[in-house]
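# Analysis of the macromolecular model
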Amino acid sequence: MLRQQDVGHRIVVRRIVGIREGRTLFSDALGELVELSETHITLSTDAGPLRVPVAEVHRAKRVPPARRPTAAAVVALELAADEAWPAPVRGRLGDWRLRWADGWTGRANSALPVGDPDRPLPAALDAVQRWYAERGGPALVNTPLPLAAPVGAELDARGWTSRPPVLVQTVPLRTLTTPPAAAALPAAASPPAAASADPPPVTLADGPADDWLAIAAGRKGGLPDAARQVLTGTPRVRFAELREDGRLLAVGRGTVTGGRWLGVSLLETVPQARRRGLAAAVVRALAGWGAAEGATHAFLQVEQSNTGAVALYRGLGFTTHHTYLTRVAPAA
């Protein structure tokens, strides 16, 4: 059976799906193990997330990895993502990044354990907890998998919990700047036939308008001063606006960091304007700007459980580069 050390690795699970004529029926699933609890196994598969009750598992084991990015590629992308979402208060623990933004978003308030912390792992995690305690916040650690699997195993031993798995997805910019035929998009990502007209043009601004910030605040539960620093603190950043008759219908944020990466974040369409292809139009406008700035690939981060967004991004050509878990220290 599986152990916590297998989290972040490719596994195969044979599960019991029923009984027919006295014979047990099985089904196999292949994917990356993203969570292992006493009651469930959660995999990231090509078809999406799969949560299997332990009671249904007949056999499960680690298998050789499919072709995946190198550790160096994961580190480079994680550092580009860190640069694209810059916490106003920052510290270092060897190569590890410590980030604080008054509690606004997990990404800006967590340690990023890539590289050498310049001390034994238990001492490094003790130092992380002290750093966040000094700022009055909970200690969080983002663990890219399987790169940070040893960190995750130590956190398991300390009783840290996990937030939902996040997919870090990428796509070559040439894919985004050459729009696919609508028929090639999955149903969840395609606009209905009645809304086949071209969307209004997208405007890219150097800074966020008040109504842009209002949409972001609604999605993220407010915008403290630290949040504005996160949003605007990257030198190369654009704020996408799609308006119709003066009313803001869709927004997005784009950054260029790490030399070649366009980061897409805070993509949102107001509820009454969804399923018109507006989000895709925003992404493509940001892609055009990113390409002009020298970027060659785009990345974004999306919770695996957000099936609607994952379907949209799949239709645009995004695939999963790696996953991460945000780990949360137990209450003192």
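## Description of the overall build of the chain
- Of the regular secondary structure elements, the chain holds eight helices and 16 strands.
- Taken over C-alpha atoms, the radius of gyration comes to 21 Å for the chain, in line with the 20 Å a tight globule of 332 residues would show.
- With the principal axes as the frame, the chain shows a C-alpha extent of 60 × 60 × 30 Å.
- Of all 332 residues assigned to the chain, the portion counted as buried reaches 47%.
- Sequence separation of 24 or more characterises 67% of the internal contacts of the chain that already satisfy a separation of 6 or more.
- Taken as a whole, the chain presents about 15600 Å² of accessible surface, with 51% of it coming from carbon and sulfur.
- Where the 38 positive side-chain charges of the chain centre and where its 30 negative ones centre are 5 Å apart.

## Comments concerning the nonpolar core
- Judged by nonpolar contacts, the single largest core of 52 residues is most densely connected at Leu176, Trp212, Leu231, Leu262, Tyr313 and Phe318.
- By residue number, the principal contributor to this core is helix α7 (residues 278-292), which donates nine residues.
- Ignoring any residue separated from it by four or fewer positions in sequence, one finds Leu176 in contact with Val171, Val283, Arg284, Ala287, Ala298, Leu316 and Phe318.
- Of all hydrophobic cores here, the second largest spans 18 residues; its members include Trp100, Leu125, Ala139 and Ala148.

## Observations regarding the pattern of salt bridges
- Tallying each qualifying case throughout the model produces 15 salt bridges.
- For Glu268, the salt bridge goes to Arg219, with nearest N and O atoms at 3.4 Å. Taken together, the residues span a long stretch of sequence, with Glu268 in strand β14 (residues 261-269) and Arg219 in helix α5 (residues 210-220) at a distance of 49 residues.
- Given the relative accessible area of 38%, Arg219 is considered partly exposed.
- By sharing partners, the salt bridges in this structure join Asp82, Arg90 and Arg99 into a single network.

## Quick word on the sheet that holds strand β3 (residues 40-45)
- Reading across from one edge, β4-β3-β2-β1-β5 is the order of the five strands in this open sheet, with antiparallel pairing throughout. Looking at strand neighbours, the two that pair on one side only are β4 (48-53) and β5 (57-62), the edges of this open sheet. Pairs of neighbouring strands in the sheet enclose a mean axial angle of 35°, with direction left out of account.

## Structural notes on unusual backbone geometry
- The omega torsion across Leu145 and Pro146 is 0°, close enough to zero to call that bond cis.
- As for its position among the elements, Pro146 is in the loop between β8 (140-145) and α3 (149-157).
- Non-glycine residue Asp102 carries a positive phi angle of around 55°.
- Tracing the backbone shows Asp102 in the loop between β7 (96-100) and α2 (121-134).
- Classification of Asp102 by relative accessible area gives exposed; the value is 55%.

## Side note on the packing of aromatic side chains
- Within the structure shown, the criterion is met by six aromatic pairs.
- Summarising the aromatic geometry, the rings of Trp85 and Trp104 are spaced 5.6 Å apart at their centres and angled 15° between planes, so their arrangement reads as stacked. Remark: Trp104 occurs in the loop between β7 and α2 and Trp85 occurs in the loop between α1 (71-84) and β6 (89-93); sequence separation between them is 19 residues. When sorted by exposure, Trp85 lands in the same class as Trp104, which is buried.
- Between Trp261 and Phe299 the ring centres are 6.1 Å apart and the planes differ by 80°, which places this aromatic pair in the edge-to-face class. In this pair, Trp261 sits in strand β14 while Phe299 sits in strand β15 (residues 297-303), placing the two residues 38 residues apart along the sequence.
- Among the residues examined, Trp261 registers a relative accessible area of 4% and is labelled buried.
- Taken together, the aromatic side chains of Trp100, Trp131 and Tyr132 make up a single cluster linked through ring pairs.

Conventions adopted
- Residue numbers run consecutively from 1 along every chain, following the written order of its sequence.
- In keeping with the predicted nature of the model, local features appear solely for residues at pLDDT of at least 70, side-chain atom pairs appear and are counted solely at 80 or more, and the whole-chain, interface and lining totals rest on all residues.
- In computing side-chain properties, one takes all heavy atoms of the structure into account and sets aside hydrogens as well as water.
- Secondary structure counts use DSSP, requiring at least four H or I residues in a row for a helix and at least two E residues in a row for a strand, with both numbered from the N terminus.
- In this description the radius of gyration comes from C-alpha coordinates, and the expected globular size is given by 2.2 Å times residues to the power 0.38.
- Three labels apply to residues, based on accessible area from a 1.4 Å probe with only protein chains included: buried if under 20% of the type maximum, exposed if over 50%, partly exposed otherwise in between.
- In this description, contact between two residues means that some pair of their heavy atoms is separated by no more than 4.5 Å.
- Residue-level accessible areas treat just the shown protein chains as cover; the underlying method is Shrake-Rupley with a 1.4 Å probe.
- The charged-residue count follows a simple rule in which Lys and Arg add positive charge and Asp and Glu add negative charge, with His and chain termini not counted at all.
- For the purpose of locating charges, the reference atoms are NZ of Lys, CZ of Arg, CG of Asp and CD of Glu.
- As used in this record, nonpolar core signifies buried Ala, Val, Leu, Ile, Met, Phe, Trp, Tyr and Cys residues forming a set joined through side-chain atoms within 4.5 Å.
- The salt bridge criterion pairs a side-chain nitrogen of Lys or Arg with a carboxyl oxygen of Asp or Glu, the two atoms within 4 Å.
- By definition, two strands form a pair when at least two bridges between them are found by DSSP.
- A fitted line through C-alpha atoms represents every axis, and for helices the fit uses only the stretch in contact; the resulting angles, taken between N-to-C directions, go from 0 to 180 degrees.
- Here a Phe, Tyr or Trp ring, Trp counted by its six-membered ring, pairs with any other such ring whose centre lies within 6.5 Å, and the pair is stacked when the planes are under 30 degrees apart, edge-to-face when over 60, and tilted otherwise.

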